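Structural overview
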Amino acid sequence: MCGIVGYIGDKQAQNILVDGLKRLEYRGYDSSGVAVLDNNQIEIAKKKGKIKDLEGVLVNNEINGTIGIGHTRWATHGEPSDRNAHPHFSMDEKIAIVHNGIIENYNELREELKSEGYKFNSDTDTEVIVHLVEKYYDGDLLKAVNRATKDLVGSYSIGAISSDEPDRLIAARYSSPLVIGIGEGENFIASDIPAVLEHTKNYYILEDHELAEITKNDIKIYNQDLEPVEREITHVTWDAKDAQKDGYPFFMLKEINEQPRALQDAIRGRIKENGDIKLDDVVITKEDLDKIDHIQIVACGTAYNAGLIGKKYIEKYARIPIEIETASEYRYKNPIVTENTLLIVLSQSGETADTLAAIDIAKKNGARVLAITNVIGSSIARQSNDVIYTNAGPEIAVASTKAYVTQVACMMLVALHLGRLKGLVSDEKLKKLTTELKQASDHIQKALDDSEELEEYVTANKDHEDLYLIGRGHDYNTAIEGSLKIKEISYVHSESFSAGELKHGPIALIEDGTIVLAVATQEDVLEKVMSNIEEVRTRGGKVFLVTQEKFKDRIADLDKMDKVFFLPDMDDDIAPLASVVYLQLFAYFLAVANGRNVDQPRNLAKAVTVE
Ligand code: G6P
């Protein structure tokens, strides 16, 4: 799980590579390196640590040259260290490669190569690739890389250069993402679009088992038999500024603040004047739907939590039975999936390995797959029958925020669409919900406007060792997501419970001064949650409450809460889009108050492209 970038053109490659790596740092940040070719010689600089540590090496040791490759690593084989950092050299130092993915048969390849006299300088799986390329090299890097990939089992995206061929950069991909950025008199490769968004908005997306031969004026794509492949250009409308911090101290805060806009982008063009739902890339007809007897929702992490809310939406509005499972469980449980199943997958990156495996299983069994993802042309988008792009724009912080909110909004659109196809959602209900969905950005803004007050509260309570979150219905799901955010970025222990389950065990954890974050935005269970809050308070717990204005008069002892935030009145099904923002901000301020690296929390990576 790493990031790769490559450049060929007339400019100095080093700085372009380092800038690209900074934008890919969310994919891995335990070591990084660049290889630049100049005067028929490749020079490599690599360093354990963050990209700024690599910059420290380069500052007194600039590498000149206009073609190069770079890598930011998240260790899988071999500890983070200078020697395990990429790029890796062939023995004669004429070939350098960077790799993202995992080579599963690297042990046996390594033994084989060793017996043939190849010497290894690292503990990585990647190094077998460069030695294989060296072994097969006879003056044509494209052919050698292609031949080497035939020996590999596992996943890879590869960038390779050779000092014998100073005018071309070779790329290959299988099961790890790779895009080719199309410039004028210069071209790029990268693990994702934001890495080189500053230079171009036009891309070719490399598919599995394909290779690319890139010169400064030309890009050729080939299949594994080295036959040329035609590829359409993908044009993105993202602003390069979207991939920068734009004055915020952390990407996460920027992305939290972008949510009102992201939500509008997610629903824009999808709600017709009359309130009807229009989902261009979803071509499920009434007849298709009649054949579907159940839905499965599969995702990982935050995307899974968005799925939990989506499940409730679809069950409510389309009355179709739904199972939901994390992808890592689904893929090994021998799921009951048939041609009558609709599998809905959610994924910010569109590259999560377990989610991709779930799609594979479902498709092999004849199921239809609908993907909700943020990344255009991602593997998940390409492998699904129907796709809804969340349009959240690039999400850089490891902890997902705007992707979550847009996923929940898209799930609402899916639920209404399916409900309409089944004739279960009245014109009136549709109009009300879609109108409210459009207004949800204002409710999110209210939470953002409360940031300062929230920061004050969180900072004053930053030393609590445990935090518990409770809610019922949608609010329970929101609590699950809030608890995940707190764990991910502040490292404070936190757990979420359905408020009704408190009495069945968790209440034993409550003692004098314990903080409980309660979400109470759902009318049908309001009084029930209030009773649970009372149970917490009578045991000395301090309650942080998020609720709606309209419930103000129905909450007794408001003044006895430790802190209360009110959201403007809205339909209870819309509330999860806004209430979660208080919890995202809570987690953010807690992490900041505890001095954490918010955007790159320890041990985590944004795109989990390995199992
Ligand atoms: C990682 C990230 C999470 C994300 C999850 C699923 O664990 O750190 O933020 O929710 O992967 O990723 P996806 O790209 O499929 O949404």
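Rules used throughout
- Residues numbered from 1 in each chain as written.
- Predicted model: local features only at pLDDT ≥ 70, side-chain atom pairs only at ≥ 80, totals over all residues.
- Heavy atoms only, no water.
- Domains from an automatic or database assignment.
- Contact = heavy atoms within 4.5 Å.
- Buried area = accessible area lost by both parts, 1.4 Å probe.
- Salt bridge = Lys/Arg side-chain N within 4 Å of Asp/Glu carboxyl O.
- Polar contact = N/O pair within 3.5 Å; in protein donor to acceptor, adjacent residues only side chain to side chain.
- Helix = DSSP H or I, 4+ residues; strand = E, 2+ residues; numbered from the N terminus.
- Nonpolar A, V, L, I, M, F, W, Y, C, P; charged D, E, K, R; others polar.
- Buried < 20%, exposed > 50% of the residue type's maximum accessible area, 1.4 Å probe, protein only.
- Arc of directions from axis to C-beta.
- Near = heavy atom within 4 Å.
- Areas by Shrake-Rupley, 256 points an atom, 1.4 Å probe, with all protein chains shown as cover.
- Phe/Tyr/Trp six-rings, centres within 6.5 Å; stacked < 30°, edge-to-face > 60°.
- Lys NZ or Arg CZ within 6 Å of the ring centre and 35° of its normal.

**Digging into the domain arrangement of the protein chain**
As a measure of interface size, the accessible area lost when the parts come together is often cited. What the domain assignment lists for the protein chain is domain 1 (3–242), domain 2 (251–441) and domain 3 (450–593). Facing 28 residues of domain 2, the contacting portion of domain 3 comprises 21 residues. For the pair domain 2 and domain 3, the summed buried surface comes to about 2100 Å²; carbon and sulfur atoms form 64% of the total. Between the two partners, domain 2 and domain 3, sit three salt bridges. With a closest N to O distance of 3.6 Å, Asp571 and Lys429 form a salt bridge. Applying the counting rule to domain 2 against domain 3 returns 12 residue pairs in polar contact (both at pLDDT 80 or more). Going through the elements one at a time, helix H6 (251–257), helix H7 (259–267), helix H9 (301–318), helix H13 (402–421) and helix H14 (427–449) are the ones with two or more residues in the side of domain 2 that touches domain 3. For the side of domain 2 that touches domain 3, the leading source of residues is H9, giving nine residues. The residue makeup of the side of domain 2 that touches domain 3, split by class, is 17 nonpolar, six polar and five charged.

**Side note on the side chain of His131**
Relative to the assigned elements, His131 resides in helix H4 (residues 127–136). Under the relative-accessibility criterion, His131 is labelled buried at 0%. Within the local environment of His131, its side chain forms a polar contact with the backbone oxygen of Lys119, the two atoms lying 3.0 Å apart. Excluding its chain neighbours within four sequence positions, the residues that come into contact with His131 are Phe89, Ser90, Met91, Leu113, Tyr118, Lys119 and Phe120.

**So, helix H2 (residues 51–59)**
The complete set of buried residues in H2 reads Ile51, Leu54 and Leu58. Taken end-on, H2 shows its buried residues confined to a sector of 55°, consistent with a single buried face. Of the residues in H2, the exposed ones pointing more than 90 degrees away from the buried face are Lys52 and Val59. Its buried side turned inward, H2 meets helix H1 (13–24), strand E2 (31–38), strand E3 (41–48) and strand E4 (67–73).

**A word on the site of the ligand**
Inspection of the region around the ligand gives 14 residues, with Thr302, Ser347, Gln348, Ser349 and Thr352 positioned closest. One nitrogen or oxygen atom from the main chain of Thr302 is found 3.0 Å from an oxygen atom belonging to the ligand. Residue Ser347 places a side-chain N or O atom 2.6 Å away from an oxygen atom belonging to the ligand. Protein burial of the ligand: of its 390 Å² of free accessible surface, 90% is covered by the chains. Per-element accounting of the shell around the ligand gives the leading share, three residues, to H9. Residues that form the shell around the ligand fall into these classes: five nonpolar, seven polar and two charged.

**Remarks on the packing of aromatic side chains**
Taken as a whole and assessed by the stated rule, the structure comprises 10 aromatic pairs. When the ring of Tyr7 is compared with that of Phe188, the centres are 5.4 Å apart and the planes differ by 55°; the resulting orientation is tilted. Of this pair, Tyr7 sits in strand E1 (residues 3–8) while Phe188 sits in strand E10 (residues 187–190), and the two are 181 residues apart along the sequence. Like Tyr7, the residue Phe188 is buried in the burial classification. Judged by centre distance (6.1 Å) and plane angle (75°), the rings of Phe250 and Tyr588 are edge-to-face. Taken together, the residues Phe250 in the loop between strand E15 (234–235) and H6 and Tyr588 in helix H18 (residues 575–593) connect sequence positions 338 residues apart. We classify Tyr588 as buried; its relative accessible area is 3%. Taken together, the ring pairs connect Tyr457, Phe544, Phe565, Tyr582 and Phe586 into an aromatic cluster. Sitting over the ring of Phe566, Lys552 keeps its end group 4.5 Å from the ring centre. When the ring centre of Tyr491 is taken as origin, the NZ or CZ atom of Arg602, which lies over that ring, is 3.9 Å away.

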